[in-house]
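Summary of structural features
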Amino acid sequence: MGTLQLEVVTPDKTVVSGEVEMAVCPGIEGEFGVLPKHVSLLSALKTGGLRYKTPGGKEEYVFISGGFADVNNDVLTVLAESAELAQDIDTARAMAAKERAEKRIADHAEQTDVTRAEAALHRALIRLQVAQLR
């Protein structure tokens, strides 16, 4: 099996750049896989875990918070609002964010704050799930 180039980029940095055998992205309509020679594709991404397999067969995981995936000419480019490798996720920080969000939701402040707190809670839970996969 061949490889494709994976680029995971945020506004601040490049999180992943390298050859992979395959990748599975958290699309807004559901997960989708990308293999070498994949047809061109552009998809919106939701907050979730992106997983990929290196040429050595090792599976790696990345937390993705929204963005877009573009597949073209054996290159998968993920433009994410934020992204972290599973091994780089600070679980204590993610747990603190989860607890803050749960407290804001329980306090039933203004509706806008509850909506933002629910989104923050969702991101924290996904980060914790991805961190456990390392």
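Everything numeric here is computed off the predicted structure, so don't read it as measured data.

1. Notes on the UniProt feature "domain: ATP synthase F1 complex delta/epsilon subunit N-terminal" (unreviewed entry) in the protein chain
The UniProt record annotates "domain: ATP synthase F1 complex delta/epsilon subunit N-terminal" (unreviewed entry) at residues 4–83. The annotated region residues 4–83 carries 0% helix and 72% strand content, and the separation between its end C-alpha atoms amounts to 20 Å.

2. Concerning a positive patch on the surface
The grouping of R93, R100, R104, R116 and R123 at the surface amounts to a positive patch. Of all elements in the fold, only helix 1 (91–107) and helix 2 (111–132) reach the threshold of two or more residues within the positive patch. You can see R123 is positioned in helix 2.

3. Observations regarding the environment of D113
Position of D113 among the secondary structure elements: in helix 2. For D113, a relative accessible area of 30% corresponds to the partly exposed category. Separated by 42 residues in sequence, D113 and V71 have C-alpha atoms that sit 36 Å apart.

4. A closer look at the side chain of Q5
Structurally, Q5 can be placed in strand 1 (residues 4–9). Residue Q5 is classed as buried on the basis of its relative accessible area of 19%. For Q5, the side chain forms a polar contact with the side chain of E7, separated by 2.5 Å. In contact with Q5, other than residues within four places in its own chain, are S17, G18, E19, D74, V75 and L76.

5. Considerations on the domain arrangement of the protein chain
Here the protein chain is described as being made up of domain 1 (4–85) and domain 2 (91–132). Domain 1 and domain 2 are separated by 25 Å when their C-alpha centres are compared. Taken together, the contacts link eight residues of domain 1 with five residues of domain 2. Between domain 1 and domain 2 lies a buried interface of about 530 Å² when both sides are counted; carbon and sulfur atoms form 72% of it. Per-residue buried area on domain 1 facing domain 2 is highest for T47, F63 and E84; these three make up 69% of the total on that side.

6. Describing helix 1
With 17 residues, helix 1 extends 24 Å between its outermost C-alpha atoms, agreeing within 8% with the 24 Å of an ideal straight helix rising 1.5 Å per residue. Looking at helix 1, one finds that the buried residues are A94, A97, K98 and A101. For helix 1, the arc enclosing every buried residue in end-on projection is 100°, short of the 170-degree limit, so these residues lie on one face. Opposite the buried face of helix 1, by more than 90 degrees, sit the exposed residues A92, R100, K103 and A106. With a side-chain oxygen lying 3.2 Å from the backbone nitrogen of A92, the N-terminal cap of helix 1 falls on D90. Phi for H108, located one or two positions after helix 1, is positive at around 50°.

Scoring rules and cut-offs
As a convention, each chain's residues are numbered from 1 in the sequence order in which they are written. Per-residue local features are limited, in this predicted model, to residues with pLDDT of at least 70; the limit for side-chain atom pairs, both in listing and counting, is 80 or more; totals at the level of whole chains, interfaces and linings are taken over all residues. Values reported for side chains reflect all heavy atoms of the structure, with hydrogen atoms and water molecules removed beforehand. UniProt positions are given in the numbering used here, feature names are shortened, and annotations may be inferred rather than shown by experiment. Counting from the N terminus, the helices are the DSSP runs of H or I reaching at least four residues and the strands are the DSSP runs of E reaching at least two. Grouping into patches uses exposed residues only, defined as over 30% relative accessible area, and leaves out salt-bridged ones; the cut-off is 9 Å for like charges and 5 Å for nonpolar side chains (Val, Leu, Ile, Met, Phe, Trp, Tyr). Computed by Shrake-Rupley with a 1.4 Å probe, the accessible areas treat only the displayed protein chains as cover when residues are assessed. The rule for a salt bridge is simple: a side-chain nitrogen of Lys or Arg has to be within 4 Å of a carboxyl oxygen of Asp or Glu. Within this scheme the basic residues Lys and Arg register as positive and the acidic residues Asp and Glu register as negative, but His and the chain ends are omitted. The atoms used to mark charge sites are NZ of Lys, CZ of Arg, CG of Asp and CD of Glu. Throughout, exposure labels follow a simple rule: accessible area from a 1.4 Å probe, protein chains only, divided by the maximum for the residue type, with under 20% read as buried, over 50% as exposed, and the rest as partly exposed. Under the rule applied, a polar contact is a pair of N or O atoms within 3.5 Å (in protein, one hydrogen donor and one hydrogen acceptor; residues adjacent in sequence only if both atoms are side-chain atoms). Any two residues whose heavy atoms approach within 4.5 Å at even a single point are treated as in contact. Domain delimitation in this document rests on an assignment produced automatically or drawn from a domain database. The term buried area denotes the loss of accessible surface (1.4 Å probe radius) that occurs when two parts are joined, taken as the sum for both partners. Take the residue count of a helix, subtract one, and multiply by 1.5 Å to get its expected span. Directions drawn from the helix axis to the C-beta atoms are what define this arc.

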